[in-house]
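Breakdown of the fold
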Amino acid sequence: MGSNSSRIGDLPKNEYLKKLSGTESVSENDPFWNQLLSFSFPAPTSSTELKLLEEATISVCRSLVENNPRTGNLGALIKVFLSRTKELKLSAECQNHIFIWQTHNALFIICCLLKVFICQMSEEELQLHFTYEEKSPGNYSSDSEDLLEELLCCLMQLITDIPLLDITYEISVEAISTMVVFLSCQLFHKEVLRQSISHKYLMRGPCLPYTSKLVKTLLYNFIRQEKPPPPGTHVFPQQSDGGGLLYGLASGVARHRDPILDKRKRGRETAVPLHQQGCGLEENMAFGIRKVSAGNQALPFTRLWTVFTLGGVGSKATASPELSSPLANQSLLLLLVLANLTDASDAPNPYRQAIMSFKNTQDSSPFPSSIPHAFQINFNSLYTALCEQQTSDQATLLLYTLLHQNSNIRTYMLARTDMENLVLPILEILYHVEERNSHHVYMALIILLILTEDDGFNRSIHEVILKNITWYSERVLTEISLGSLLILVVIRTIQYNMTRTRDKYLHTNCLAALANMSAQFRSLHQYAAQRIISLFSLLSKKHNKVLEQATQSLRGSPSSNDVPLPDYAQDLNVIEEVIRMMLEIINSCLTNSLHHNPNLVYALLYKRDLFEQFRTHPSFQDIMQNIDLVITFFSSRLLQAGAELSVERVLEIIKQGVIALPKDRLKKFPELKFKYVEEEQPEEFFIPYVWSLVYNSAVGLYWNPQDIQLFTMDSD
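The numbering scheme is per chain: residues are counted from 1 as the chain's sequence reads. Only residues with pLDDT of at least 70 are given local features in this predicted model, and only at 80 or more are side-chain atom pairs given and counted; all residues enter the totals for whole chains, interfaces and linings. Where side-chain values are given, they derive from all heavy atoms of the structure, hydrogens and water being excluded.

Let's shift gears to the overall build of the protein chain. Elements are defined by DSSP. Helices are runs of H or I of four residues or more, strands are runs of E of two residues or more, and each kind is numbered from the N terminus. When its secondary structure is counted, the protein chain shows 27 helices and six strands. For the protein chain, buried positions account for 56% of its 716 residues. Of the roughly 31300 Å² of accessible surface on the protein chain, a fraction of 49% belongs to carbon and sulfur atoms. Relative accessibility under 20% of the residue-type maximum defines a buried residue, over 50% an exposed one, and the middle range a partly exposed one, all with a 1.4 Å probe and only protein chains included. Methods summary: accessible areas were calculated by the Shrake-Rupley approach with a probe of 1.4 Å, and residue burial reflects only the protein chains presented.

Below, the structure is given as structure tokens:
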């Protein structure tokens, strides 16, 4: 590449890259490396530019693959990088911009080459290229040094130990990207990998001790949402049409940091003259549901993760908004990839263990000796970041992962007095279901389901009063409880699903969340009460329609023996299951909190004719007893009060009647409780999902969609 600015299109003809990939061996001490690494060209940002870079890299790689077994130049490049990283921390403290810039460029080249190597060759071939033995060129043996393992350990050290300064921002991002690339072999396999080089290196050996430190660093990178440094004075001239590979190379900007989050103070950043290579004279110091109520049989919720196919998740057709923090985004993606690695044959995934067990910095209790890879992190800062970042799939997936797997986090969040800050972004995801992908919607629903397993949460959400929910457009909500808003959004999701996706399991999860809440319904907003009954009305109409179709099909004969009849019996069974769930939710509220919900009684009375057909239905007779009793009791009192009653008068009669209704007349049913559990082998869903997020969201990384095997790409 050399000291002059370069264009991506010129890379295959670049004399330095030709020498790197050519037939001549280059010693790691050769001045050639300083020349190769002194390049600057506009960092590729668009998919078109990234594709060009990929194609240029492939051209260089073809030659390198052929010649490297004899030259060992790839190993020499990696050794140059490894030797430089030993001085990287000191260079950061000394503001040695040139040294850091060249080290970044070395890693950039390694990352580009590694990405193509992983895509184009088997793991065995890949390891051969990283086990070059200098004493016997072209000879590979088990005794050769394993540069791939050294590189990974070095990257983990770089990510965790190098202070985050303006001049180290880009190399920190590049180190994380290179780790993502190393793990990307999964993209090129249809099946989930259970034994790979990632298991070999990351779950044992010298990389293992960095587990907790790496997870902690990645989490703090997500928490901080550190923006890239602004463009400043660069060491080498930039192309007029874009920024260079290293933002703000000689920038003197030192930004304010939260001292709670980061005690590493930035020094004053001063540009180092070209001739200085040392410190100089001055030193500037991210399934399934089980019903767990006694006496009630669990509903058959099987094959949960087959609900959504991964078709189309790899599409990059939709332009994503510009990321405010590439470092935070890349860190989160790497964290999710690591957390979802399958267990090794002889050891559990240590990164998942670290995520499952970390504690709050305020928690002074000792870690049990049985918990490996333990660490502490500021839960308040993490909670704030999670609340603020829920617009992205990956942040929602991280929230799900933490709530589901880390009991310390779950307990902390459920004890917060400002849960609306977390719940409102989740509800907004569901409200804009048309604009979200199915996986994002599903994760948001599961988060709500996990939260509603807690009775304290179900009580507290009705005590939080919200004003002017601007994103809810169906109706002006000037004042409503968080609990009533949650009910409205979940019911809206059910109705959307009934008309669009028609997925039974989406219904099930929505209804399970409502069921968990139902015993603690308090002071339901009149609109929320209306929507509960309106949903039941919609289900009732659908039930009658399918019943009529089934009856007609039995009376008639098929027009052609080749055309199978719709399975009306199965459709009817599904609708009746959902109707029963709705009746159980209404019954649970009436049984446990009738006196708190006059608006629900009002809505029941207003639409009482809806329930008439289900009184004698064998599937609903038992659950209809209490509902029928409440309707009959209050209808009688309204008749006694006379005709043409105002809404206010009806509500007053209901409130008086609640006191008069003998509670022992209401039949007791087992408490409605649903618990979320992951299906067996959840990795079959999560690993393709996580890698689809990497494919769509990773900064500066491009893979040819034709090479992707793990998930299905969009056809358009």
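Of note, Gln 621 is situated in helix H25 (residues 621-641). Throughout, a contact is declared for two residues whenever any of their heavy atoms are within 4.5 Å. Once residues within four sequence positions are removed from consideration, Gln 621 is found in contact with Phe 614, Arg 615 and Thr 616.

Counting residues in hydrophobic clusters, the biggest one holds 234 residues, and the most contacted among them are Phe 81, Leu 202, Tyr 472, Leu 485, Ile 532, Phe 611 and Trp 691. Counting residues per element, this core draws most heavily on helix H6 (residues 97-120), at 15 residues. Among all residues touching Tyr 472, those that are not within four sequence positions of it are Tyr 431, Leu 477, Leu 485, Leu 488, Val 489 and Tyr 527. Nonpolar core, defined: a set of buried Ala, Val, Leu, Ile, Met, Phe, Trp, Tyr and Cys residues in which side-chain atoms within 4.5 Å join the residues together.

In this section: the environment of Lys 89. Mapped onto the elements, Lys 89 comes out in helix H5 (residues 88-93). Taking the C-alpha atoms as reference points, Lys 89 and Pro 163, separated by 74 residues in sequence, lie 7.2 Å from one another. When neighbours within four sequence positions are excluded, Lys 89 is seen to be in contact with Asp 161, Ile 162 and Pro 163.

Following the sequence through the fold, Ser 540 ends up in helix H22 (residues 526-555). Setting aside residues up to four positions removed in sequence, Ser 540 forms contacts with Leu 610, Gln 613 and Phe 614.

Before going further, it helps to spend a moment on the packing of helix H20 (residues 482-499) against helix H21 (residues 504-518). Lines fitted to C-alpha atoms define the axes, with helix axes restricted to the stretch in contact, and inter-axis angles between N-to-C directions lie between 0 and 180 degrees. Two elements in contact, H20 and H21, have axes whose closest approach is 9 Å; the angle formed by their N-to-C orientations is 160°. With respect to H21, the axis of H20 lies roughly antiparallel. As H20 runs across H21, the sense of the crossing is left-handed. The residues of H21 that touch H20, namely those facing Gly 483, Leu 486, Ile 487, Val 490, Ile 491, Thr 493, Ile 494, Asn 497 and Met 498, are Leu 506, His 507, Cys 510, Leu 511, Leu 514 and Met 517. Asp, Glu, Lys and Arg are counted as charged, while Ala, Val, Leu, Ile, Met, Phe, Trp, Tyr, Cys and Pro are counted as nonpolar; the rest, among them Gly, fall into the polar class. Each residue belonging to the contact of H20 with H21 can be placed in one class, and the counts come to 11 nonpolar, four polar and no charged. Should an angle fall under 35 degrees it is taken as roughly parallel, and over 145 as roughly antiparallel, whereas 65 to 115 is taken as roughly perpendicular and any remaining angle as oblique. Left-handed describes a crossing whose near helix is turned anticlockwise from the far helix by less than a right angle; the clockwise case is right-handed.

Should their charged atoms come close, side chains of opposite charge can pair. Whenever a carboxyl oxygen of Asp or Glu lies within 4 Å of a side-chain nitrogen of Lys or Arg, that contact is scored as a salt bridge. Within this structure, the stated rule accounts for 17 salt bridges. Measuring nitrogen to oxygen at the nearest pair gives 3.6 Å for the salt bridge that ties Glu 434 to Arg 492. Of the two residues, Glu 434 is situated in the loop between helix H17 (420-431) and helix H18 (438-452) and Arg 492 in helix H20; the sequence distance between them amounts to 58 residues. For Glu 434, a relative accessible area of 42% corresponds to the partly exposed category. Owing to a relative accessible area of 18%, Arg 492 belongs among the buried residues under this scheme. Here Arg 615 and Asp 628 are joined by a salt bridge, their closest N and O atoms 3.3 Å apart. Here Asp 628 lies in helix H25 and Arg 615 lies in the loop between helix H24 (598-606) and H25, a separation of 13 residues in the sequence. On the basis of relative accessible area, Arg 615 is assigned to the partly exposed category, the value being 37%. The structure contains a network of salt bridges with shared partners spanning Arg 194, Glu 683 and Glu 684.

Attention now goes to helix H3 (residues 47-71). Each helix should span, by expectation, one fewer than its residue count multiplied by 1.5 Å. Spanning 25 residues, H3 covers 33 Å between terminal C-alpha atoms, matching the ideal 36 Å at 1.5 Å per step. Two axes enter the definition of the bend at a residue: one is fitted to the seven residues ending there, the other to the seven starting there, and the bend is the angle between them. At Val 65, H3 shows its maximal bend, which comes to roughly 40°, and the proline Pro 69 appears one to four places after that position. Among the residues of H3, Leu 50, Leu 53, Glu 54, Ala 56, Thr 57, Val 60, Cys 61, Leu 64, Asn 67, Asn 68 and Thr 71 are the ones counted as buried. In this fold, the buried residues of H3 make contact with helix H1 (15-21), helix H4 (73-85), H6 and helix H7 (123-129). Phi turns positive, to about 70°, at Gly 72, one or two residues after H3.

This next bit is on the packing of helix H12 (residues 326-339) against helix H13 (residues 350-357). Where H12 contacts H13, the axes come no closer than 7 Å and their chain directions differ by 110°. With respect to H13, the element H12 is oriented roughly perpendicular. Judged by residue contacts, Leu 335, Leu 338 and Ala 339 of H12 engage Tyr 351, Arg 352 and Ile 355 from H13. Looking at side-chain class alone, the contact of H12 with H13 contains five nonpolar, no polar and one charged residues.

The subject of this paragraph is the confidence of the model for the protein chain. By definition, pLDDT measures how confident the predictor is in each residue, and it falls between 0 and 100. Across the protein chain, the average pLDDT comes to 82, with 82% of residues at 70 or higher. Note on residues 135-143: pLDDT is under 50 here. Beyond four places in sequence and across chains, it has 13 contacts. Low confidence marks residues 233-321, where pLDDT is under 50. Its contacts with residues over four positions away, or in another chain, come to 230 contacts.

So, about the environment of Val 690. You can see Val 690 is positioned in helix H27 (residues 683-697). On the accessibility criterion, Val 690 (1% relative accessible area) is buried.

This paragraph deals with the packing of aromatic side chains. Note on aromatic pairs: the rings of Phe, Tyr and Trp (six-membered ring only in Trp) are paired at centre separations within 6.5 Å, and the planes decide the class, stacked below 30 degrees, edge-to-face beyond 60, tilted for the rest. Applying the stated rule across the entire model yields 20 aromatic pairs. For the pair Phe 182 and Tyr 201, a centre-to-centre distance of 6.3 Å together with 45° between the ring planes defines the contact as tilted. Taken together, the positions of Phe 182 in helix H9 (residues 169-183) and Tyr 201 in helix H10 (residues 197-202) put the pair 19 residues apart, joining distant regions of the chain. The two residues Phe 182 and Tyr 201 agree in class, both being buried. With centroids separated by 4.7 Å and ring planes inclined at 10°, the aromatic side chains of Phe 536 and Phe 611 adopt a geometry described as stacked. Here Phe 536 is found in helix H22, whereas its partner Phe 611 is found in the loop between H24 and H25, with 75 residues between them in sequence. Looking at Phe 536, the relative accessible area reads 0%, which means it is buried. Members of the aromatic cluster, each reached through a chain of ring pairs, are Phe 358, Phe 375, Phe 379, Tyr 383 and Tyr 412. Whether a charge sits over a ring comes down to the Lys NZ or Arg CZ being within 6 Å of the ring centre and within 35 degrees of the ring normal. In this arrangement the basic side chain of Arg 84 is found over the ring face of Phe 99, its NZ or CZ atom lying 4.9 Å from the centre. The ring of Trp 703 carries Lys 115 above its face, with NZ or CZ at 5.9 Å from the centroid.

Right, let's get into unusual backbone geometry. Located in the positive-phi region is Gln 225, a residue other than glycine, with phi close to 50°. Structurally, Gln 225 is set in the loop between helix H11 (211-224) and strand E1 (289-291). One non-glycine residue, Ser 523, lies in the positive phi region at around 45°. Judged by relative accessible area, Ser 523 falls into the exposed class, the value being 53%.

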